[in-house]
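Listed below, chain by chain, are the residues.
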Amino acid sequence: EDEITLFERDMKEFWIQFKISYSTEQINQTSALRDLCKETIEALSEKWSQKLKEEDLMIDKIQEYNSEILQQSKYVAEKEEQLTEIKSKLNEEEEQQKNLTDSIQELKEELRKKMEIKSSENEAAKEKVERVSKIKTLFKERLGLEMRRIHDEQLQFIFRHIDHKDPDKPYVFTLSINEQGDYEVTSCTPPLDCIAELQLKLRETNNFSAFVANIRKAFTALSYK
């Protein structure tokens, strides 16, 4: 019995020691595992906390970018509106420029036509002056007639070579246009009885050359009396 009791006692102590040893090892392993888990959780927490902070910063950055994009969009919209206004004004100015160019071209064309008409009129006036000059020269050389413009826009006609006794003796009459636009003999030296009749015929026929020729004939007839 003593041996059995001793054996049982030894076995009991062995199990007690074994349990103590096992429990301590388990506790150490559990504690180590717990510490590892704790460290892992803390590391993960720190990592995710940092990640969340980065995400918050990213969100803030995105919101900032969105705000900048919105501002840029407003700026671009304003500039596009201004550009549209500028284009509209340019189109209006181009239209005004076109109208102005057309008006200038029309004025140039009108001026060209007027200049052509004026040139034609000047040419006609020049030809008329030349004809009058030739007639005047002819009258002076062949008929002894000299014409002068005197006061009050009157024309004075001086005939010579009428009196065969005195070729240089002047026979003069003065002609004007009255308020009614008719020819009017204002003076005649020497006087002619037929001057009123000749003046009336001139007004009726408007044949000035015949009028001058008839007055010369009348002066010539008077010189023989």
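Residues numbered from 1 in each chain as written. Predicted model: local features only at pLDDT ≥ 70, side-chain atom pairs only at ≥ 80, totals over all residues. Heavy atoms only, no water.

- In the annotation of an unreviewed UniProt entry, the chain is listed under the name Kinetochore protein SPC25 and assigned to Dryoscopus gambensis.
- We quote the UniProt Sequence similarities (unreviewed entry) comment for the chain here in full: "Belongs to the SPC25 family."
- The chain has a UniProt comment under Subunit (unreviewed entry) that states "Component of the NDC80 complex, which is composed of ndc80, cdca1, spbc24 and spbc25. The NDC80 complex interacts with mis12 and zwint." (UniProt positions renumbered as here; feature names shortened; annotations may be inferred.)

## Observations concerning a negative patch on the surface
Moving on, step 1. Taken together, the side chains of Glu54, Glu55, Asp56, Asp60, Glu64 and Glu68 make up a negatively charged region of the molecular surface.
Moving on, step 2. Along the chain, Glu55 turns up in helix 1 (residues 2-143).
Moving on, step 3. For Glu55, a relative accessible area of 38% puts it in the partly exposed group. (Patch = residues over 30% accessible without salt bridge, like charges linked within 9 Å, V, L, I, M, F, W, Y side chains within 5 Å. Areas by Shrake-Rupley, 256 points an atom, 1.4 Å probe, with all protein chains shown as cover. Salt bridge = Lys/Arg side-chain N within 4 Å of Asp/Glu carboxyl O. Lys, Arg positive; Asp, Glu negative; His and termini not counted. Charge placed at Lys NZ, Arg CZ, Asp CG, Glu CD. Helix = DSSP H or I, 4+ residues; strand = E, 2+ residues; numbered from the N terminus. Buried < 20%, exposed > 50% of the residue type's maximum accessible area, 1.4 Å probe, protein only.)

## Section: the side chain of Gln199
Moving on, step 1. Note on placement: Gln199 falls in helix 2 (residues 195-205).
Moving on, step 2. For Gln199, a relative accessible area of 16% puts it in the buried group.
Moving on, step 3. Residues contacting Gln199, with those up to four places away along its chain left out, are Tyr183, Glu184, Val185 and Phe211. (Contact = heavy atoms within 4.5 Å.)

## Observations concerning the packing of helix 2 against helix 3 (residues 208-223)
Moving on, step 1. Orientation of helix 2 relative to helix 3, taken along the N-to-C sense of each, is 170°, at an axis distance of 9 Å. One finds that helix 2 runs roughly antiparallel with respect to helix 3. In contact with Ile195, Leu198, Gln199 and Leu202 of helix 2, helix 3 contributes Phe208, Phe211, Asn214 and Ile215.
Moving on, step 2. Class assignment of the residues belonging to the contact of helix 2 with helix 3 gives a composition of six nonpolar, two polar and no charged. (Axes fitted to C-alpha atoms, helices over the stretch in contact; angles between N-to-C directions. Parallel < 35°, antiparallel > 145°, perpendicular 65-115°, else oblique. Nonpolar A, V, L, I, M, F, W, Y, C, P; charged D, E, K, R; others polar.)

## Points about the sheet that holds strand 4 (residues 183-189)
Moving on, step 1. The four strands are arranged 1-2-3-4 in an open sheet whose pairing can be described as antiparallel. Each of the sheet's edge strands pairs with one partner strand only, and the pair in question is strand 1 (145-150) and strand 4. Mean inter-strand twist for the sheet, computed between neighbouring axes without regard to direction, equals 20°.
Moving on, step 2. Here six bridges tie strand 1 to strand 2 (residues 154-159), and the two strands are oriented antiparallel to one another. Bridge pairing links Arg149 to Leu155 in strand 2. (Pairing = 2+ DSSP bridges.)

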